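If you want the building blocks of each chain, they are given just below.
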Amino acid sequence: MDYFDLYYRNQFGRFRKDRYERLIYDKDGLCIMRRINDISAEFDLSFELIHFHEDVEFIYIISGSAGYIVNGKKIKLHAGEGIFVNAGQLHCITKELSEACRLYCLIFHPTLLTASRFVAENYIEPILMNPALEYILLSEKTPWHKKLIDEIGYICELEATDDSDLAVLGHIHLLWQILYQNNAPTPETQKKLSHLSTIREMVLYIEKHFNEPITLDDICNAGHIGKTCCTNYFKKYLYRSPNAFLNEYRLKKATEYLCNTDMNITEIAYACGYNGASYFTEKFREKYNLTPSEYRKMS
């Protein structure tokens, strides 16, 4: 998932086709939502709808308490406590654990943080794409948490002026700096993230050019690595060789053509990057134990 492209896709409706929720921000063109919310003990149950979005979310409880669910884990937050919820996590406030409370809520999209791919890859994505970092519970008793909480409070309390948006952006960058400094990936995690980024580039190349002649050199060039590294990365992370992955992707696309179009077998073979119907049929039978025609009839 590329967080720095997703925001600009499918800008109509509440949910995109991939079911990520798109939030309604405070201002058009500035993907920030900042609130001071007062929630009664009998708050509207719409708060309990489990949802997820590309944005990161910071909650701090000023008074009272609030129940939170993140990826099925139930958490009760008391005054002086908060939570950071990473992008893409299933979450909601739950009435079951909540009492009347007042809280800060800060939500923003990662595109705010940089227009530079270098900064994105080195400082933003290591947090967003860390599978171990679903959320962080925040407490004023922890010094770096307190710094985060102070930034959240400043941003949410800041009154609107002609240049307040610039001040908010500046403090969001400070907030992220604190978050990164205390959750920077280990060298091993950073190495894995680098590998995954390279794999992603090569897979995207295959998905874009699957209908063209593709060599191992082409795949390597997409990831800016040599043949040995390319083969090792595919086997380590995708459990198959680059050529096997390419062939499987082509066959997967072929099943879509068989089910959803009236194209004949030869047309589908060429559309999926094969030189002819005979070789295509051979590889298809190896994969599905059916000829393309048999597969179409069964579908």
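Residues numbered from 1 in each chain as written. Predicted model: local features only at pLDDT ≥ 70, side-chain atom pairs only at ≥ 80, totals over all residues. Heavy atoms only, no water.

(A) Expanded view of the overall build of the chain. Helices and strands together make up the secondary structure of the chain, namely eleven helices and seven strands. Taken across its 299 residues, the chain has 46% of its residues classed as buried. A separation threshold of at least 6 residues defines the contact pool for the chain, and within that pool the share at least 24 residues apart is 66%. Total accessible area computed for the chain in this model is approximately 15,900 Å², and 52% of it derives from carbon and sulfur atoms. (Helix = DSSP H or I, 4+ residues; strand = E, 2+ residues; numbered from the N terminus. Buried < 20%, exposed > 50% of the residue type's maximum accessible area, 1.4 Å probe, protein only. Contact = heavy atoms within 4.5 Å. Areas by Shrake-Rupley, 256 points an atom, 1.4 Å probe, with all protein chains shown as cover.)

(B) Fine view of the packing of aromatic side chains. Summed over all chains, the structure comprises 14 aromatic pairs. Where Phe108 meets Trp176, the ring centres are 6.5 Å apart and the plane angle is 70°; that geometry is what we call edge-to-face. Residue Phe108 is found in strand β6 (residues 101-108), and its partner Trp176 is found in helix α4 (residues 164-181); the two are separated by 68 residues along the sequence. Residue classification places Phe108 among the buried residues on the basis of a relative accessible area of 0%. When its relative accessible area of 3% is taken as the criterion, Trp176 is described as buried. Seen from their ring centres, Phe284 and Tyr295 are 5.5 Å apart, and the 85° between their planes marks the pair as edge-to-face. With Phe284 in helix α10 (residues 277-288) and Tyr295 in helix α11 (residues 292-298), this pair connects stretches of sequence that are eleven residues apart. (Phe/Tyr/Trp six-rings, centres within 6.5 Å; stacked < 30°, edge-to-face > 60°.)

(C) A look at the confidence of the model for the chain. For the chain, per-residue confidence averages 85 on the pLDDT scale, and residues scoring 70 or more make up 88% of the total. Put simply, helix α1 (residues 3-6) is where the chain has its lowest mean pLDDT, 40, and helix α3 (residues 143-157) is where it has its highest, 97. Confidence drops under a pLDDT of 50 for residues 1-19, and excluding neighbours within four residues, the segment shows 45 contacts in the predicted structure. (pLDDT = per-residue confidence, 0-100.)

(D) Representation of the nonpolar core within the structure. Counting 50 residues, the largest nonpolar core has Phe58, Tyr68, Leu106, Phe108, Trp176 and Leu179 as its most contacted members. With eight residues, the single largest contributor to this core is strand β2 (residues 56-70). Look past the residues within four positions of Phe58 in its chain and what remains in contact with it is Ile83, Phe84, Tyr104, Cys105, Leu106, Phe108, Ile152, Leu175 and Leu179. (Core = buried A, V, L, I, M, F, W, Y, C linked by side-chain atoms within 4.5 Å.)

(E) The arrangement of the side chain of Thr255 in detail. Relative to the assigned elements, Thr255 resides in helix α8 (residues 242-260). A residue is classified by how much of its surface remains accessible, and Thr255, at 9% relative accessible area, is buried. One polar contact links the side chain of Thr255 to the main-chain carbonyl oxygen of Lys252, over a distance of 2.5 Å. (Polar contact = N/O pair within 3.5 Å; in protein donor to acceptor, adjacent residues only side chain to side chain.)

(F) Focus on the pattern of salt bridges. Using the criterion set out here, one finds twelve salt bridges in the structure. A salt bridge links Glu134 to Lys73, with the nearest nitrogen and oxygen atoms 3.1 Å apart. In this pair, Glu134 sits in the loop between α2 (117-128) and β7 (135-139) while Lys73 sits in strand β3 (residues 73-78), placing the two residues 61 residues apart along the sequence. Residue classification places Glu134 among the partly exposed positions, given a relative accessible area of 21%. Here Lys252 and Glu256 are joined by a salt bridge, their closest N and O atoms 3.1 Å apart. With Lys252 and Glu256 both in helix α8 and four residues apart, this pair spans about one turn of that helix. Judged by its relative accessible area of 42%, Lys252 falls in the partly exposed class. Judged by relative accessible area, which is 29%, Glu256 ranks as partly exposed. The network of salt bridges with common partners includes Arg117, Glu125 and Arg200. (Salt bridge = Lys/Arg side-chain N within 4 Å of Asp/Glu carboxyl O.)

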